[in-house]
Amino acid sequence: MARYLASGASRMRRLQKSSLSSSSFYLARSIFNPLSSSSPPPPPPTTTTAFYQTPIPNPNYSNPFTPASEIFKFGCGFRSFAHISTSSVKEKNNDEDDDDDRSKKAELAVSSSWIDLYLPKHVRPYALLARLDKPIGTWLLAWPCMWSISLAAIPGHLPDFKMMLLFGCGSLLLRGAGCTINDLIDRNIDIKVERTKLRPVASGLLSPFHGLCFLGFQLLLGLGILLQLNNYSCILGASSLLLVFSYPLMKRFTFWPQAYLGLTFNWGALLGWAAVKGSLDPAIVLPLYISGVFWTLVYDTIYAHQDKEDDLKVGVKSTALKFGDSTKEWITGFGIASISSLALCGYNAGIGWPYYAFLTAASGQLAWQIQTVDLSSRADCNRKFVSNKWFGAIIFSGILFGRFSS
């Protein structure tokens, strides 16, 4: 062992005299660092230990890291020296911590909505309760109203903008009220469902009493809008509250809560016409209403596939569970019925040809949803569900151009 250490020291002196580059010199010092001391450590005792550590005194070693020498015995008296820097391990851990912090910040940025960014802290739970961060529900409630108001317009004229503004605000308030009612009734179910367990009432962010107070506030504002319509519309609009309040209970008793939602969400197809005309024309508004119900069966069945595993656990029903693997066949039939009813509505209303061109485009959009949706993917089901705002917009554009050209 002494001869080996002496030969190593000799090699070290030759390396120091040579014209190596700074990197090569550092490598040589790293390899033979233990041997540069004037008083080498005594040879280790003869043991059978295959791995042990000895301190390495080297006052000339300029590396600020704290080195440790690990000697691995491979046999035949051969030793291999390896440096392990504890500081580099700490740096690696710090880098990993920084990566974790960055990922958490990225997740927070993705999950944050305009509610978290701009609204006061005490207002945020109520905005979340009304789903103001998810406007798709307002769009789906508003489009049948806009269809009906546009159909009721005088041929060659644009629809009543003030009436559309009132119904837009009413859709926002009624949708928020419906979500509040749903969350109050389903708070014990929502806590068991992954997608809904963080809703304000289910999570305890708001008490049921505060939810009820907020519901009263929303209904009061909605009443203010309803009172600006004619008496016939006021009675017709007030009658929809029975559907709004009873809808959350349907999933407990029937596999067709999506059909009941269709009856509720498309009430505006009747109300919009009545607000403009002061009465109902069944030949026009009933096909429009029926088309909306079938359309709702398409998009809400797709939506229900997000929660089918949780629904089975908690014991609630949906068309997604009823149809199972036959879902695409069922919603294809609903889509055909919706488009056919819209065509009948346009024919009875005597609307111009642009309406049918847009109706063809809307048929393609609906067919794309049904054929491409991955019912086993929650993310894709949600994407297809949200895309229905464009279906509503296409139909509205068709009615607008068709009525204006007729």
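One structure accompanies this document, and this report is about it. (Residues numbered from 1 in each chain as written. Predicted model: local features only at pLDDT ≥ 70, side-chain atom pairs only at ≥ 80, totals over all residues. Heavy atoms only, no water.)

## Focus: the overall build of the protein chain
Argument step 1. What the protein chain contains, in helices and strands, is 20 helices and three strands.
Argument step 2. Across the 406 residues of the protein chain, 42% fall into the buried class.
Argument step 3. When contacts within the protein chain are restricted to residue pairs at least 6 apart in sequence, long-range pairs at least 24 apart make up 67% of them.
Argument step 4. Total accessible area on the protein chain stands at roughly 21800 Å², and carbon and sulfur atoms take up 65% of it. (Helix = DSSP H or I, 4+ residues; strand = E, 2+ residues; numbered from the N terminus. Buried < 20%, exposed > 50% of the residue type's maximum accessible area, 1.4 Å probe, protein only. Contact = heavy atoms within 4.5 Å. Areas by Shrake-Rupley, 256 points an atom, 1.4 Å probe, with all protein chains shown as cover.)

## Focus on the side chain of Gln 306
Argument step 1. Here Gln 306 shows up in the loop between helix 14 (282-304) and helix 15 (308-314).
Argument step 2. The class of Gln 306 is buried, set by a relative accessible area of 5%.
Argument step 3. Residue contacts for Gln 306: discarding those within four places in its chain leaves Arg 195, Arg 378, Cys 381 and Asn 382.

## Describing the nonpolar core
Argument step 1. Within the largest apolar cluster, 66 residues are counted, with the highest numbers of intra-cluster contacts made by Trp 147, Leu 151, Phe 167, Leu 342, Phe 391 and Ile 395.
Argument step 2. Those residues in contact with Leu 342, other than ones at most four positions away along the chain, are Trp 147, Leu 288, Ser 291, Tyr 355, Leu 359, Phe 391 and Ile 395.
Argument step 3. Counting residues in hydrophobic clusters, the runner-up holds six residues, among them Leu 129, Ala 130, Leu 184 and Leu 206. (Core = buried A, V, L, I, M, F, W, Y, C linked by side-chain atoms within 4.5 Å.)

## Side note on the side chain of Asp 183
Argument step 1. Of note, Asp 183 is situated in helix 7 (residues 161-185).
Argument step 2. Setting aside residues no more than four positions away along its own chain, Asp 183 makes contact with Leu 129, Arg 131, Asp 190, Arg 199 and Val 201.

## Quick look at unusual backbone geometry
Argument step 1. Even without being glycine, Arg 131 reaches a positive phi, approximately 60 degrees.
Argument step 2. Along the polypeptide, Arg 131 turns up in the loop between helix 5 (124-129) and helix 6 (136-151).

## Quick look at the packing of aromatic side chains
Argument step 1. Taken as a whole, this structure holds 18 aromatic pairs when the rule is applied.
Argument step 2. Their ring planes at 25 degrees and their centres at 5.3 Å tell us that Trp 139 and Trp 143 sit as a pair that is stacked. Placement of the pair is Trp 139 and Trp 143 together in helix 6, with a separation of four residues, close to one helical turn.
Argument step 3. When the centroid spacing of 6.0 Å and the interplanar angle of 45 degrees are considered together, the rings of Trp 330 and Phe 334 count as tilted. Placement of the pair is Trp 330 and Phe 334 together in helix 17 (residues 327-349), with a separation of four residues, close to one helical turn.
Argument step 4. A relative accessible area of 38% places Trp 330 in the partly exposed class.
Argument step 5. By the ring-pair criterion, three or more aromatic residues cluster together here, those being Trp 147, Trp 295, Tyr 299, Tyr 303, Phe 385 and Phe 391.
Argument step 6. For Lys 251, the ring lying beneath its charged end belongs to Tyr 247, and the centroid distance is 5.7 Å.
Argument step 7. Positioned above the aromatic ring of Phe 255 is the side chain of Lys 317, whose terminal nitrogen or guanidinium carbon lies 5.7 Å from the ring centre. (Phe/Tyr/Trp six-rings, centres within 6.5 Å; stacked < 30°, edge-to-face > 60°. Lys NZ or Arg CZ within 6 Å of the ring centre and 35° of its normal.)

## Some words on helix 20 (residues 388-405)
Since there are 3.6 residues in each turn of an α-helix, residues three or four apart along the chain are aligned in direction.
Argument step 1. Across its 18 residues, helix 20 extends 26 Å between first and last C-alpha, which sits within 8% of the 26 Å expected from 1.5 Å per residue.
Argument step 2. Three or more residues of helix 20 are buried, namely Asn 388, Phe 391, Gly 392, Ala 393, Ile 395, Phe 396, Gly 398, Ile 399, Gly 402 and Arg 403.
Argument step 3. The elements touched by buried residues of helix 20 are helix 6, helix 7, helix 14, helix 17, helix 18 (354-372) and helix 19 (378-386). (Expected span 1.5 Å × (residues − 1).)

## Points about helix 17
Argument step 1. Between its first and last C-alpha atoms helix 17 spans 33 Å; for 23 residues at 1.5 Å apiece the expected length is 33 Å, and the two agree.
Argument step 2. When helix 17 is considered as a whole, its buried residues turn out to be Thr 327, Ile 331, Phe 334, Gly 335, Ser 338, Ile 339, Ser 341, Leu 342, Cys 345, Gly 346 and Ala 349.
Argument step 3. Buried positions along helix 17 lie against helix 6, helix 14, helix 16 (319-323), helix 18 and helix 20.
Argument step 4. Backbone geometry just after helix 17 places Gly 350 at a positive phi near 65 degrees.

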